[in-house]
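If you want the building blocks of each chain, they are given just below.
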Amino acid sequence: MNRIKVDIINKSKNALPEYATLQSAGMDVRADLESPIVLKPLERVAVPTGLFIALPSGYEAQMRPRSGLAIKHGITLLNSPGTIDADYRGEIKVILANISSEPFVIEPGERICQMVVAKHEQVVWQVVEQLDETERGEGGFGHTGKH
């Protein structure tokens, strides 16, 4: 397993994001709040984390929902996955949305999402007149008819 060094500033009262197990892909990220926030049904809020990072070129940080919050409380990330680019230096904020019918209280220090750091590529477009043929062709949404 490869490990990369990432510079981080932690202005929160929380510990740095960390992996829960040896094989975890994502690190838990916590809310940096002075007091709880009540997130009403169908509301959204940008929750501060107090974290600032400098990723190496060619990497991104993906902010993803936590499955426990999603299944138990209907809390998700509105722009999932949220992308933190390598050249972004501002505070990481997480857009949480409550898609349940009950209010949810976000507590200071609560684990609100997972951060996955991943390599990525950039595209150089090559304009052509025709694309190569495939078995699937232009088949789109539900084209296989399987349930």
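In short, a report on the structure. (Residues numbered from 1 in each chain as written. Predicted model: local features only at pLDDT ≥ 70, side-chain atom pairs only at ≥ 80, totals over all residues. Heavy atoms only, no water.)

## Looking at the nonpolar core
Grouped together as the largest cluster of nonpolar side chains are 25 residues, with contacts concentrated most on Met 63, Leu 96, Ile 106 and Ile 112. When residues of this core are traced back to their parent elements, those giving at least two are strand S3 (27–30), strand S6 (51–54), strand S7 (59–64), strand S8 (75–77), strand S10 (93–98), strand S11 (104–106) and strand S12 (111–119). In this view, Ile 112 contacts Val 29, Arg 30, Ala 31, Val 47, Thr 49, Arg 66, Leu 69, Leu 77, Val 94, Leu 96 and Ile 106; residues no more than four positions away in its chain are not counted. (Core = buried A, V, L, I, M, F, W, Y, C linked by side-chain atoms within 4.5 Å. Buried < 20%, exposed > 50% of the residue type's maximum accessible area, 1.4 Å probe, protein only. Helix = DSSP H or I, 4+ residues; strand = E, 2+ residues; numbered from the N terminus. Contact = heavy atoms within 4.5 Å.)

## Brief notes about unusual backbone geometry
The amide bond that connects Ser 80 to the next residue, Pro 81, takes the cis arrangement and shows omega of -5 degrees. Not every positive phi belongs to a glycine, and Leu 42 is a case in point at roughly 65 degrees. Residue classification places Leu 42 among the exposed residues on the basis of a relative accessible area of 69%.

## Some remarks on the layout of surface pockets
Size it by volume and the largest pocket reaches roughly 680 Å³. Along its surface, the largest pocket is lined by 21 residues, and Arg 3, Ile 4, Tyr 19, Met 27 and Val 117 are the ones closest to its centre. Across the lining of the largest pocket, the residue classes break down as 16 nonpolar, 3 polar and 2 charged. (1 Å grid on protein atoms, 1.4 Å probe; cavity = no way out; pocket = protein on both sides within 12 Å on 5 of 7 lines; lining within 4 Å. Points joined across faces, edges and corners; volume = space filled by probe spheres on them. Nonpolar A, V, L, I, M, F, W, Y, C, P; charged D, E, K, R; others polar.)

## Re the side chain of Asn 14
Among the secondary structure elements, Asn 14 is positioned in the loop between strand S1 (7–10) and strand S2 (18–19). Among the residues examined, Asn 14 registers a relative accessible area of 17% and is labelled buried. At a separation of 3.0 Å, a polar atom in the side chain of Asn 14 contacts the main-chain carbonyl oxygen of Ala 31. (Polar contact = N/O pair within 3.5 Å; in protein donor to acceptor, adjacent residues only side chain to side chain.)

## Some details on the pattern of salt bridges
Applying the stated rule across the entire model yields 3 salt bridges. For Asp 28, the salt bridge identified is with Arg 66, shortest N-O distance 3.4 Å. With Asp 28 in strand S3 and Arg 66 in the loop between S7 and helix H1 (67–73), this residue pair connects regions lying 38 residues apart in the sequence. According to the relative accessible area criterion, Asp 28 is buried, its value standing at 16%. Taken together, the shared-partner salt bridges in this structure form one network comprising Asp 28, Arg 66 and Arg 111. (Salt bridge = Lys/Arg side-chain N within 4 Å of Asp/Glu carboxyl O.)

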